[in-house]
Amino acid sequence: MHPHKPYAFVTYRSEASARKAHIHLNGEKLQCGENSVTLYLSYVNSVTCEEEVSVPLPEGLVLVEDFVSLEEEALLLAAIDWSSPNDDVTAQKALKHRRVKHYGFEFRYDNNNVDKDQPLAAGIPQDCLPVLERCVTNKHIDILPDQLTVNQYESGQGIPPHVDTHSAFEDTILSLSLGAKTVMEFRHPDGRLVAVVLPGRSLLVMKEESRYLWTHGITPRKFDMVPACNQQSPAHTTPDLSTSSNLTLSKRGTRTSFTFRKIRHEPCGCAFPSACDSQGAPSAPLPPSPPSLPCCHADAALLEEEYVHRVYDAIASHFSSTRHSPWPRVCHFLSSLSAGSVLADVGCGNGKYLGVNPEVIAVGCDRSSALVQICAERGFHAFVSDALSVPLQTASCDACISIAVIHHFSTQERRLAAVRELVRLLKPGGRALIYVWAFEQEYNKQRSKYLKEHPENHSPTGNTQQAGDSQEPHGKSSIHTSRHLEDDRPEDNMQDMIDGKLSVHTNRTAFNTQDLLVPWHLKEGKKTTSGNTCSGSGHDTSDSTTQTPSSALKSESESSPAPVFHRYYHVFQQGELEQLCDQEAGVQVQSSYHDQGNWCVILVKDLER
């Protein structure tokens, strides 16, 4: 079989049928939409069934199959009336990735919490009570829930990884799956991933670590890889879908989940403060008008202009003062370049890497004219440029670096375009080093500096300046936010908030979502850069007069001593950066690693390209 290509085993009832299929299908092309797929068939005598490998479930997670009968399933599904598109009684919403109803209390996707003083007219449906009483009898819960969120997913829909808001709900969360089966992925902050198959009519019980620390989400797709047969796994384990060879495709259908929770009326005192909004630093103030996650190229460009480009121009001086210590592994890469090599630092910030290896010809570019000016004042060669269109000749560089830049692009297509531009600049055989902020701030049982430093140990502004790293990992940014808030909404996600609004992450806590706004508290005495703050143009040109930051950038009044700016981030999950780079032809991932809260790759451009 072709290496590194997906394949499937097909079994025929007779050898004649198999030969006929081989004759007629091998080498044939199938048209799938705009793509053409070529089928390659090979004979195998037999397929060995390897012993199933199991992985432990997250601590506190219990899956109970066949918890309700077929009759109970039909009764519960019939109890939910989806006919009214906007039902205030149950706070029904049609979100981007599913339909949702709330009973008892509405979960607010704009602030990832519930209004505990505003119960809904509709309590939990009576048809649910026998199921909940059985949960009490079986000791899955101690007290009956008072909030229910019903989500309905069609094939191809999902929910990004999240943690249900600590301050909103008590410990145990029950999720009853009705209809089609699906695969839910649980991810620990250190990068461990456990994929759990949720059959129809099963009950998932989340408590303790699995409820408070692990994110859970469903990847939007139409097929899942599931075990080919229902082998019994040992208690508290699940088949390892990442290594098992005994898998088959399962087509998704309509799935309806009933998520039951108990409203919390006191602050959360869980044992996981790094992920707890009750115990962590107070949430950063929201921008006056939180932006939505973009759905097209034009929206993405506008979001990045407002929440990346203008912010860096506004905070350039303060930002530069916190970026003075180059990261050792970036320095190692730069020092490995031979004398006379041409280096492009795309997204160079204040130029802290441009002088690491004086033997190379280094040039930098950045979207912020204010930061480029700082580079010039420090004697470095730099120019203003967008990372998607660098005005350098194709195949003109021996090496490129992109440190903490690509995570500021707000769509997959634009992130891929940024990688493509780096590859275009490289000579055949040239190398590129890319760093992006990691979702996994704890990896291999090591916490990043970002998590190690608790907010209470820092100044009221929230900007750390220790060792030259304020709040961000390597490059230009130092704050984190979550696409929706670092807490989760009930079985909801970043994109599923009302109107798809982004929300702000609490500094120094684990990420629970991938697309975020990150607050930057401008330190007193650090003035915004003259003329570059908010020119109203799509370019980082400066005027001769000082202008006021856009209201979406700064959340405090002009008289405030410490204005807060918000930067957009997409934090990368393990393997995501490699998958992104693999989509670009003519380049290979030479190595990849995790470095102090960042995912990093070294790319090599093919010699023949």
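For the structure given in this document, a descriptive report is provided here. All values reported here derive from a predicted model rather than from experimental measurement.

**Looking at the sheet that holds strand S10 (residues 159-162)**
Thinking step 1. Spatial ordering of the open sheet is given by S10-S15-S12-S13, a layout of four strands whose pairing is antiparallel. Whereas interior strands pair on both sides, the edge strands pair on one side only; in this sheet they are S10 and strand S13 (193-198). Each adjacent strand pair in this sheet contributes to an overall mean axis angle of 20 degrees, direction not counted.
Thinking step 2. In this sheet, strand S15 (residues 215-218) lies alongside S10 in antiparallel orientation, the contact comprising two bridges. Looking at S15, one finds that His-162 is bridged to His-216.

**Concerning helix H3 (residues 129-137)**
Thinking step 1. Buried within H3 are the following residues: Val-131, Leu-132 and Cys-135. Buried residues along H3 cover an arc of 95 degrees about the axis, so they all sit on one side.
Thinking step 2. On the buried face of H3, the contacting elements are helix H2 (70-78), strand S11 (173-179), strand S14 (202-206) and strand S19 (255-261).

**Focus: the packing of aromatic side chains**
Thinking step 1. Applying the stated rule across the entire model yields nine aromatic pairs.
Thinking step 2. Consider the rings of Phe-319 and Trp-520, whose centres lie 5.9 Å apart with planes at 55 degrees: the pair is tilted. Residue Phe-319 is found in helix H5 (residues 297-321), and its partner Trp-520 is found in strand S27 (residues 515-521); the two are separated by 201 residues along the sequence. Both residues of the pair, Phe-319 and Trp-520, belong to the buried class.
Thinking step 3. Note on Tyr-435 and Tyr-593: the rings are 6.0 Å apart at their centroids and 80 degrees apart in plane angle, and the pair reads as edge-to-face. Taken together, the residues Tyr-435 in strand S24 (residues 426-437) and Tyr-593 in strand S29 (residues 587-594) connect sequence positions 158 residues apart.
Thinking step 4. Residue Tyr-435 is classed as buried on the basis of its relative accessible area, which comes to 0%.
Thinking step 5. You can call Tyr-593 buried: its relative accessible area is 12%.
Thinking step 6. The ring centre of Phe-67 lies 5.3 Å from the NZ or CZ of Arg-134, which sits over that ring.

**Quick look at the sheet that holds strand S30 (residues 598-605)**
Thinking step 1. Across the sheet, seven strands lie side by side as S22-S21-S20-S23-S24-S30-S29; this open sheet has mixed pairing. Looking at strand neighbours, the two that pair on one side only are strand S22 (382-384) and S29, the edges of this open sheet. Strand-to-strand twist of the sheet, defined as the mean angle between neighbouring strand axes without regard to direction, takes the value 15 degrees.
Thinking step 2. Note: strand S20 (residues 342-346) against strand S21 (residues 361-366), five bridges, orientation parallel.

**Quick word on the side chain of Asn-598**
Thinking step 1. Along the chain, the position of Asn-598 falls in strand S30.
Thinking step 2. Judged by relative accessible area, Asn-598 falls into the buried class, the value being 0%.
Thinking step 3. Of note is the side chain of Asn-598, whose polar atom sits 3.1 Å from the backbone oxygen of Gln-596.

Cut-offs and rules
Residues numbered from 1 in each chain as written. Predicted model: local features only at pLDDT ≥ 70, side-chain atom pairs only at ≥ 80, totals over all residues. Heavy atoms only, no water. Pairing = 2+ DSSP bridges. Helix = DSSP H or I, 4+ residues; strand = E, 2+ residues; numbered from the N terminus. Axes fitted to C-alpha atoms, helices over the stretch in contact; angles between N-to-C directions. Buried < 20%, exposed > 50% of the residue type's maximum accessible area, 1.4 Å probe, protein only. Arc of directions from axis to C-beta. Contact = heavy atoms within 4.5 Å. Phe/Tyr/Trp six-rings, centres within 6.5 Å; stacked < 30°, edge-to-face > 60°. Lys NZ or Arg CZ within 6 Å of the ring centre and 35° of its normal. Polar contact = N/O pair within 3.5 Å; in protein donor to acceptor, adjacent residues only side chain to side chain.

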